[in-house]
Amino acid sequence: MGMEVINKYVTIKTHIDGAPQDSDFELKTAALRLWAEPGSNDVIVKNLHVSIDPYQLNRMKSYSSSHRAINFAVPISPGMDIDAYGVGRVVASGHPEFEEDDLVVGLISWGEYSVVKGGNMLRKLDPMGFPLSNHVGILGFSGLAAHGGFFQVCKPKKGEKVFVSAASGSVGNLVGQYAKLFGCYVVGCAGSKQKVNLLKEKLGFDDAFNYKEETDLKSTLKRYFPDGIDIYFDNVGAEMLEAAVANMNIFGRVAVCGVISQYTDSGKRAAPDMLDIVYKRITIQGFLAADLMNGYTDFISTTQDYLNDGKIQVIEDISQGVESIPSAFVGLFRGDNVGKKIVKIADE
Ligand code: NAP
């Protein structure tokens, strides 16, 4: 029963403990029957768009303290298929909540098809007139991390001065746009001239700079924030976090969304001046989007309104085909992507 297909999927050849390279990955094939045992609760999904996210690198390491922190951060073993957020279409279901042809969003995998055991972490998707790719990025976890991280963790007030790193990236570009729409003063940093122009000219940032051209980040931030930083939304960690803390105002807040510079180099640990933390009463708070579900309804309705009113720009960087997953992923750590990195696996 059920057609048999040859499923192509991506896996790692070995654990990856530094910056990833294309040669760390391999494309495998396996026969897959598009059939689910009734009552098994399994769902077979044809993958359409998959998310490419930096945190996956921490899962690929031989050891990382993140492995035991939360379910979705569990380690990936060589040869295993790799689960990732994405959008797909149900091709077979043994689960009462899903039927063939349903659009779904949730944890699928870096391949052409996913076998979602027990329908776990999957839900039906109503695209509400938005392109499917939007549901992987701006209306998915990147959007929730940006919106929830900014509003719930940073607790902004109008007019406050906000600094965002990796500001042209998936989360960063949205943080900057939400902050501007809310009425903050926003400066972002990114790794190329083209990205800096995008921030200033298309996304409405008040200012932006290329951190790769700066030698002394503390004085750079002093130039961009002569009156100090109230909120730092950190995506990169290391020296940038240290420089931001040195420039924070009293009662400043740092939301640590990610520390991508440390993902590829475990020696890159921020050592902010703790006297600043004490005397300026700075809050530094890490968070995971999964903790911010209580803000989900507000996030979705606000973001849909902004999209419908053309107030927020969608920046997506989409590669085509399962074969492009390794280079798409490796590119995240080289700054190749502009906005949300997605791989489109198949046409709808
Ligand atoms: P992204 O920003 O779209 O892509 C990564 C970007 O980071 C690259 O384009 C690059 O841009 C920059 N980058 C790479 N290596 C760097 C380095 N060594 N130093 C400085 N910048 C570097 O990725 P994203 O999905 O939006 O994720 C951004 C951060 O948020 C990551 O740390 C990620 O782990 C985190 N995150 C956290 C949550 C959560 O729930 N807490 C959710 C989603 C993402 P440049 O050209 O500007 O260098």
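One can find the structure itself at the top, above this paragraph.
Report follows, based on the coordinates. Predicted, not measured: the structure shown is a model, and the values here were computed from it.

### A short note on the overall build of the chain
Alright, step 1. Within the chain one finds ten helices and 15 strands.
Alright, step 2. Against the compact-globule benchmark of 20 Å for 348 residues, the chain has a radius of gyration of 21 Å, which places it among compact chains.
Alright, step 3. The C-alpha extent of the chain, read off along each of the three principal axes, is 70 × 45 × 35 Å.
Alright, step 4. Here the chain holds 348 residues, and 55% of them are scored as buried.
Alright, step 5. Here the analysis covers contacts within the chain between residues at least 6 apart in sequence; of these, 68% occur between residues at least 24 apart.
Alright, step 6. Total accessible area on the chain stands at roughly 15400 Å², and carbon and sulfur atoms take up 50% of it.
Alright, step 7. In the chain, 35 side chains carry a positive charge and 42 a negative one; their mean positions are 5 Å apart.

### A word on helix α5 (residues 217–224)
Alright, step 1. What α5 keeps buried is the set Leu 217, Thr 220, Leu 221 and Tyr 224. What you see down the axis of α5 is that its buried residues fit within an arc of 95°, all on one side.
Alright, step 2. Among the structural elements, β8 (161–164), β9 (185–190), β10 (207–210), β11 (229–234) and α6 (238–246) are those in contact with the buried residues of α5.

### Description of the layout of surface pockets
Alright, step 1. By volume, the second largest pocket amounts to about 330 Å³.
Alright, step 2. Lining the second largest pocket are 16 residues, and of these Asp 83, Leu 107, Val 116, Asn 120 and Met 121 sit closest to its centre.
Alright, step 3. Its residues placed into classes, the lining of the second largest pocket shows eight nonpolar, four polar and four charged.

### Some details on the environment of Gly 148
Alright, step 1. Turning to its location among the elements, Gly 148 is positioned in helix α2 (residues 141–153).
Alright, step 2. The spacing of Gly 148 and Asp 230 is 82 residues in sequence and 17 Å in space, taken between C-alpha atoms.
Alright, step 3. When sequence neighbours within four positions are dropped, the list of residues in contact with Gly 148 reads Val 153 and Leu 292.

### Describing helix α4 (residues 193–202)
Alright, step 1. Along α4, the residues that are buried comprise Lys 195, Val 196, Leu 198 and Leu 199. Buried residues in α4, looked at end-on, bunch into an arc of 155°, giving them a common side. For α4, the exposed residues set more than 90 degrees away from the buried face come down to Lys 193, Gln 194 and Glu 201.
Alright, step 2. Its buried side turned inward, α4 meets β9 and β10.
Alright, step 3. Backbone geometry just downstream of α4 places Gly 204 in the positive-phi region, at approximately 75°.

### Focus: the packing of α2 against helix α3 (residues 170–182)
Alright, step 1. Two numbers describe how α2 lies on α3: the axes approach to 8 Å, and their chain directions differ by 45°. In terms of orientation, α2 lies oblique with respect to α3. Note that α2 runs across α3; the crossing there is right-handed. On α3, the residues that touch Ser 142, Gly 143, Ala 145, Ala 146, His 147, Phe 150 and Phe 151 of α2 are Ser 170, Val 171, Leu 174, Val 175, Tyr 178, Ala 179 and Phe 182.
Alright, step 2. Here the contact of α2 with α3 is built from residues that sort into ten nonpolar, four polar and no charged.

### Side note on the nonpolar core
Within soluble globular proteins, side chains that are nonpolar tend to cluster in buried spots.
Alright, step 1. Core analysis: the biggest nonpolar cluster contains 52 residues, and Trp 110, Phe 163 and Tyr 232 have the highest contact counts within it.
Alright, step 2. Residues Ile 138, Val 162, Val 171 and Ile 300 belong to the second largest nonpolar core, which totals 39 residues.

### Overview of the site of the ligand
Alright, step 1. Surveying the vicinity of the ligand reveals 26 residues, the closest of which are Ser 170, Lys 195, Tyr 211, Ala 289 and Asn 337.
Alright, step 2. Side-chain polar atom of Lys 195 to an oxygen atom of the ligand: 2.5 Å apart, as the coordinates give it.
Alright, step 3. A distance of 2.5 Å separates an oxygen atom of the ligand from a polar side-chain atom of Tyr 211.
Alright, step 4. If you list the elements that add at least two residues to the shell around the ligand, you get α3 and α7 (260–263).
Alright, step 5. It is α7 that provides the largest number of residues to the shell around the ligand, a total of three residues.
Alright, step 6. Per-class residue counts for the shell around the ligand are 16 nonpolar, nine polar and one charged.

### So, empty space enclosed by the protein
Alright, step 1. A complete count under the given rule lists one cavity of 30 Å³ or more for this structure.
Alright, step 2. Quantified by volume, the largest cavity comes out at close to 50 Å³.
Alright, step 3. Along its surface, the largest cavity is lined by Gly 137, Ile 138, Ser 170, Asn 173, Leu 174, Val 314, Ile 315, Glu 316 and Lys 340.
Alright, step 4. Of all the elements, α3 adds the most residues to the lining of the largest cavity, at three residues.
Alright, step 5. By residue class, the composition of the lining of the largest cavity is four nonpolar, three polar and two charged.

What counts, and at which threshold
Along each chain, numbering runs from 1 in the same order as the chain's sequence is written. Where local features are concerned, this predicted model is filtered to residues with pLDDT of at least 70; where side-chain atom pairs are given and counted, the filter is 80 or more; whole-chain, interface and lining totals use all residues. Hydrogens are left out, water is left out, and the side-chain values use all remaining heavy atoms of the structure. Under the DSSP-based scheme used, a helix requires at least four consecutive residues in state H or I and a strand at least two consecutive residues in state E, with every element numbered from the N terminus. The reference for a compact globule is 2.2 Å times residues^0.38; the radius of gyration itself is calculated from the C-alpha atoms. Categorising residues by exposure relies on relative accessible area from a 1.4 Å probe, with only protein chains included: less than 20% of the type maximum marks a residue as buried, more than 50% marks it as exposed, and the intermediate range marks it as partly exposed. Whether two residues are in contact is decided by their heavy atoms, any of which lying within 4.5 Å being enough. In short, Shrake-Rupley with a 1.4 Å probe defines the accessible areas, and a residue's cover is counted only from the protein chains shown. All tallies of charge rest on Lys and Arg as positive and Asp and Glu as negative; His and the ends of each chain are not included. Where a charge lies is defined by one atom per residue type, namely NZ (Lys), CZ (Arg), CG (Asp) and CD (Glu). By definition, the arc is the one covered by directions from the helix axis to the C-beta atoms. In the cavity and pocket records, a cavity denotes points on a 1 Å grid over the protein atoms alone where a 1.4 Å probe fits but cannot get out, a pocket denotes an open set with protein on both sides within 12 Å along at least 5 of 7 lines, and lining residues are residues with an atom within 4 Å of a point. Grid points are joined across faces, edges and corners, and a volume is the space filled by probe spheres set on the points. Classification used: nonpolar for Ala, Val, Leu, Ile, Met, Phe, Trp, Tyr, Cys and Pro, charged for Asp, Glu, Lys and Arg, polar for all others including Gly. Under this scheme, a helix contributes an axis fitted over its contacting stretch, all axes are lines through C-alpha atoms, and angles between N-to-C directions fall in the 0 to 180 degree range. Each angle gets one of four labels, with under 35 degrees taken as roughly parallel, over 145 as roughly antiparallel, 65 to 115 as roughly perpendicular, and the rest as oblique. Left-handed is the label given to a crossing in which the near helix is rotated counterclockwise from the far helix by less than a right angle, and right-handed is the label when the rotation is clockwise. The definition of a nonpolar core used throughout is a set of buried Ala, Val, Leu, Ile, Met, Phe, Trp, Tyr and Cys residues joined through side-chain atoms within 4.5 Å. One heavy atom within 4 Å of a molecule or strand makes the whole residue count as near it. Nitrogen and oxygen atoms within 3.5 Å of one another constitute a polar contact, given that in protein one can donate a hydrogen and the other can accept it, and given that sequence-neighbouring residues count only through two side-chain atoms.

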